[in-house]
Amino acid sequence: MKNILTIIFRLTVACLLAGLVMGIAFIATNKAKKHNMHVHEHKVMLSLLGYSAKNPAPESVAMHPVYRYLVGEGEELATGYLLPLRDGAFSFVTIDLAGAFVAQTPVALAVEKAREAEDRSQAISAAIGVEKTLRYADQTILVTNGGKRTAYLLPGKFPGFKTFIAAMLALDQNFTILGVEIMEHEEDPGLGGEIVQNYFKKQFKGKPLETVKKLEVVKTPLPEEYRQALEADKSGLKAEEVARIEEQYKDGDIYALTGATISSRSVTNGVKAMVKKFAYRLAILDRVLVEQHIATPF
Amino acid sequence: MATDKTNLQLVVNGILNENPIFRLVLSMCPAVGISTTVMNGFMLGIAVFFVQVCSSCTIALFKNVIHPRIRIPTYTLTIATWVTVIDMILAAYLPEAYARMGIFIKLIVAFAIITMRLEMFASKESVTASFWDGIGMGLGFMFGMMALGFVRELLGMGTILGYDVLGFKPLLFFVLPLAGFFCVGLMMAFFNYIEIVYKRARRA
Amino acid sequence: MINHTIRRILLSLVLALALPVLAQAQELIAAKSFGKAANEIVVTFAGTVERAKVEDPANYRIYEEKDPDIQLALESVVLAEDEKTATLTFKEPLNPRLPHVVSINRLAESGAAATFTVMKPYLGYLFSILIGALLINNFVFTKYLGLCVFFGTSKRKDTAKGMGLTFTMVIVVSAIMSWFFYQFILKPYGLNFLQIVVFIGLVSLTVQAVDTVLRKVNPVLFNAFGVYLVLVIANCVIIAVPLILADNEYNFWESFMLALGAGGGFLLALYLMSSVRERMELANIPPTFKGVPIAFIVAGQFALAFLGFSGLSLF
């Protein structure tokens, strides 16, 4: 009996000690993790927009995140957008499924807290009433340059061959793709893992909305001159030559990766769905913004 | 019972005589799964090194208060704790490397090599000896992973540490995860061959 | 005796799986499914319906379940001669992997809308998880996990069978427990960083419990399988499965199927490997390759063969 008691006692102490160590590590690293993730994301966004360390973004460029939620009240569903306003405050705009404006509620939320999913949904719940269910859907970043809309950034996730692929899309104001960046994936190295390579992901660049809507994957090999243009940093092709070749292929389909057709198709379909859905939603949101005279910075 | 080996011998022992991958044939999962490049091997090596050294020291430090009946659960708990810590550190400071490593970092918990070293060595020896043994085992694992990564990266992609050295890709096959099986098998055979030749030469 | 028990367990499992499907039947709609073409949904009504109401696309509202604000544009609705089966044709191809919500206005006499969800059969989805873990993403040959134990216990067929069965048992029990812990304790209280410790703790607990129970209840079985119980804990698959099901937010049945597939896949891999290794003992192998090196080469060839399953989709 005494033996069992000592065993239990010692195990408890061991567990407590382990818990202590893990708790300290968690607290110490959690903040840095969030910060680093944010910095990384920001860097990717800027590079998709064509800015780099050599060519930094001018002061006039600003990014305005818009968060989309699904709001449920009883059986009824509606879409809700958390929008930043021109005076620095936030507003939650609800639009019903048919695209008609429902309500606009001011949300009390500090700018730096808007980034935290937890704080954000709490603030929205408090504003629209806790009895409504709130489900986070996605996030879009509207980029303005001197108050004029220049681009949209869409982070998204779609099923790949093995697990999920997380990607970031950049579109210009006419929904032409500016670039695609793969943020996370677990495809096979050497096969599906090649989706991160320039010669695949840069194929999306410059494709207008009409082409993207009908985008397919073809299994013919990638033409050599196109590959050189896509890998301009390696092949050292001149800028005007690259532009000429890209122009020539901009309405074509996506060339599949060798041995990874499923991964290529997953990415293509994922990008296609993201662009199509975003264009559909933005049209509704813009109409509501104009009708209701909501003063957003974009 | 104290070991009669010097600290240097303990380290060398882990790297050569009892190399975890090629000699003890333990912790093979990452050796096959993610040793596709030198860098991957190095990163996972660092993680295992950290967990091995920390766990060895912890167990050696507390060996007198660990009840023999709950020996194995305590080892598991210790390893799990240090794995969680390194998992969180890597996720926070090296997110890109962490994403490549996937689930393998968390799976260090189930690596037989670490439990085995705790049971065979750290639970009997002093803290200093366990520390050096941990370093030896960690380095041995890292060395094995990097050697595999070297061969696979060179043959598969024609690069070393991301630098193009060959200018072409000799055998894409080697960079596919499943080539890890062949690579490990061939390298083990290679080490066996050296040993056989060495013994024959000594006898002659 | 054992066979009988297994049959009973299987029967109750099938029943439990089938029940939710049976309970889903609706009064107005007899059946619904994705059509043969990529842009079709076929709906069968329980009774005859008015042609004018059904064939008017304006009466429909159809969306993907997770995007209720995006209505899918309907091209046409055609009611078959029997006045029961309607084929909905869309302007753009649908994604049959996602559940679609269809709501038809003014269909019933009362004027209320009939809303229902069209999706692939759930049983098929569960089965695809099982097959996925068993063959397509076999943990040994395509995920490269559990290799230490795999090479250690695949020398003889008897050992392989014993290890495989013990492992399957333990992994199913521990995965279900991990699922409960993750869903009801770790997730609600934001303790995700304790995942590894909790999961490995649950595995040790299961192993200990199976050990004790088996020793008392069935000593014959214990004598046969007891030795493998200790090895189970050194197998990475046992900790990978809870981590995967936590990552993918699987529900109870999905977790169960994943665990079963993982265990079954391990058993399959062990059995295949041991069959080859038994024969290899008789073969003339160069001394440098004897033992483990040749086993690795064989495993590599199995992995190549299993690569052929990739992309397989049955449902």
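Parameters at a glance
- Residues numbered from 1 in each chain as written.
- Chains lettered and ligands numbered in written order.
- Predicted model: local features only at pLDDT ≥ 70, side-chain atom pairs only at ≥ 80, totals over all residues.
- Heavy atoms only, no water.
- Helix = DSSP H or I, 4+ residues; strand = E, 2+ residues; numbered from the N terminus.
- Buried < 20%, exposed > 50% of the residue type's maximum accessible area, 1.4 Å probe, protein only.
- Contact = heavy atoms within 4.5 Å.
- Salt bridge = Lys/Arg side-chain N within 4 Å of Asp/Glu carboxyl O.
- pLDDT = per-residue confidence, 0-100.
- Axes fitted to C-alpha atoms, helices over the stretch in contact; angles between N-to-C directions.
- Parallel < 35°, antiparallel > 145°, perpendicular 65-115°, else oblique.
- Left-handed = near helix turned anticlockwise from the far one by under 90°.
- Nonpolar A, V, L, I, M, F, W, Y, C, P; charged D, E, K, R; others polar.
- Patch = residues over 30% accessible without salt bridge, like charges linked within 9 Å, V, L, I, M, F, W, Y side chains within 5 Å.
- Areas by Shrake-Rupley, 256 points an atom, 1.4 Å probe, with all protein chains shown as cover.
- Lys, Arg positive; Asp, Glu negative; His and termini not counted.
- Charge placed at Lys NZ, Arg CZ, Asp CG, Glu CD.
- Pairing = 2+ DSSP bridges.
- Phe/Tyr/Trp six-rings, centres within 6.5 Å; stacked < 30°, edge-to-face > 60°.
- Polar contact = N/O pair within 3.5 Å; in protein donor to acceptor, adjacent residues only side chain to side chain.
- Domains from an automatic or database assignment.
- Buried area = accessible area lost by both parts, 1.4 Å probe.

A tally of regular secondary structure across chain C gives ten helices and seven strands. Expressed as a percentage of the 315 residues in chain C, the buried residues total 45%. Here the analysis covers contacts within chain C between residues at least 6 apart in sequence; of these, 68% occur between residues at least 24 apart.

Turning next to the pattern of salt bridges. Counted by the stated rule, this structure contains 17 salt bridges over all chains. Across the pair Lys 187 of chain C and Glu 249 of chain C runs a salt bridge whose closest N-O atoms are separated by 2.8 Å. Separated by 62 residues along the polypeptide, Lys 187 of chain C in the loop between helix H5 (157-186) and helix H6 (195-217) and Glu 249 of chain C in the loop between helix H8 (236-247) and helix H9 (252-280) bring together distant segments of the chain. You can call Lys 187 of chain C partly exposed: its relative accessible area is 34%. Ionic contacts of the salt-bridge type, sharing partners, join the residues Arg 68, Asp 138 and Arg 281 of chain A into one network.

A low pLDDT score tells you not to read the predicted coordinates there in detail. All names here are of chain C. Averaged over all residues, the pLDDT of chain C equals 81, while 88% of them reach at least 70. Ranking the helices and strands of chain C by mean pLDDT puts H9 first, with 93, and helix H1 (residues 2-23) last, with 56. Contacts from residues 19-25, a stretch scored under 50 in pLDDT, to residues over four places away or in other chains number zero contacts. Note on the complex model: pTM 0.80, ipTM 0.83.

The next point concerns the packing of H8 of chain C against H9 of chain C. All names here are of chain C. The interhelical angle for the contact between H8 and H9, taken along N-to-C directions, is 155°, at an axis separation of 10 Å. When the interaxial angle is binned, H8 and H9 end up roughly antiparallel. Regarding H8 and H9, the two cross each other, and that crossing is right-handed. Across the interface between the two elements, Val 237, Val 241, Ile 244 and Leu 245 of H8 pack against Ser 255, Leu 258, Ala 259 and Ala 262 of H9. Of the residues assigned to the contact of H8 with H9, the class counts are seven nonpolar, one polar and no charged.

Residues Glu 73, Glu 75, Glu 76 and Glu 131 of chain A make up a contiguous surface patch of negative charge. For Glu 73 of chain A, the location among the structural elements is in strand S1 (residues 61-73).

On a regular strand, one side chain projects to one face of the sheet and the next to the other, so that they alternate. All names here are of chain C. In this sheet, strand S2 (residues 40-45) lies alongside strand S1 (residues 29-34) in antiparallel orientation, the contact comprising five bridges. Bridge pairing in S2 links Ala 31 to Thr 44. Here S1 folds back onto S2, and the loop between the two strands holds five residues.

With that settled, the discussion passes to the packing of aromatic side chains. Inspection of every chain in the model, using the stated rule, returns 30 aromatic pairs over all chains. Both rings, one in Phe 131 of chain B and one in Trp 132 of chain B, keep their centres 5.4 Å apart while their planes meet at 75°; by these two values the pair is edge-to-face. Given a relative accessible area of 31%, Phe 131 of chain B falls into the partly exposed group. An aromatic cluster is present here, built from Phe 181 of chain B together with Phe 141, Tyr 144, Phe 150, Phe 151, Phe 296, Phe 302, Phe 306 and Phe 309 of chain C joined pairwise through their rings.

All right, on to the sheet that holds strand S7 (residues 114-118) of chain C then. All names here are of chain C. Strand order across the open sheet formed by three strands is S3-S6-S7, with antiparallel pairing between neighbours. Two strands close off the open sheet at either side, each with one partner strand: strand S3 (60-64) and S7. Between one strand and the next, the sheet's axes are offset by a mean angle of 15°, whatever the strand orientation. Here S3 runs beside strand S6 (residues 100-104); their pairing, made up of five bridges, is antiparallel. Counted as the bridge partner of Tyr 63 is Val 101 from S6.

A cluster of nonpolar side chains, namely Phe 9, Val 13, Leu 17, Leu 20 and Ile 24 of chain A together with Leu 61, Phe 62, Val 65 and Val 127 of chain B, defines an oily patch on the protein surface of about 830 Å² accessible area. Counting residues per element, the nonpolar patch draws most heavily on helix H1 (residues 2-48) of chain A, which supplies five residues. Counting through the fold element by element, Phe 62 of chain B comes out in helix H3 (residues 38-62). Relative accessible area serves as the criterion here: at 37%, Phe 62 of chain B is assigned to the partly exposed category.

Attention now goes to the pairing of strand S4 (residues 101-107) of chain A. Residues and elements named next belong to chain A. As paired strands, strand S3 (residues 90-96) and S4 are joined by six bridges and run antiparallel to one another. Following the sheet pairing, Val 93 is matched in S4 by Gln 104. The turn linking S3 back onto S4 is made up of four residues, and Gly 99 within it adopts a positive phi angle of 100°.

A word on the interface of chain A and chain C. The interface is formed by 18 residues belonging to chain A together with 17 residues belonging to chain C. Scanning the region where chain A abuts chain C turns up two salt bridges. At the junction of chain A with chain C, the criterion picks out three residue pairs in polar contact (both at pLDDT 80 or more). Only H1, S1, strand S2 (76-84) and helix H8 (261-292) of chain A provide two or more residues apiece to the side of chain A that touches chain C. Ranked by residues supplied to the side of chain A that touches chain C, first place goes to H8 of chain A with five residues. Considered class by class, the residues forming the side of chain A that touches chain C number eleven nonpolar, two polar and five charged.

A word on the domain arrangement of chain C. Its domain assignment divides chain C into domain 1 (28-120) and domain 2 (123-307). One C-alpha centre belongs to domain 1 of chain C, the other to domain 2 of chain C; they are set 44 Å apart.

Each partner contributes residues to the interface: chain B has 34 residues there, and chain C has 34 residues. Of all residues in chain B, Cys 29, Leu 178 and Phe 181 of chain B bury the most surface against chain C, accounting for 23% of the area lost on that side. Here chain B and chain C share zero salt bridges between them. Inspection of the chain B/chain C interface yields two residue pairs in polar contact (both at pLDDT 80 or more). Put simply, the parts of the chain that give the side of chain B that touches chain C at least two residues each are helix H2 (28-33), helix H4 (71-93), helix H6 (104-107) and helix H9 (179-203) of chain B. Here the side of chain B that touches chain C gets ten residues from one element, more than from any other, and that element is H9 of chain B. The residue makeup of the side of chain B that touches chain C, split by class, is 26 nonpolar, seven polar and one charged.

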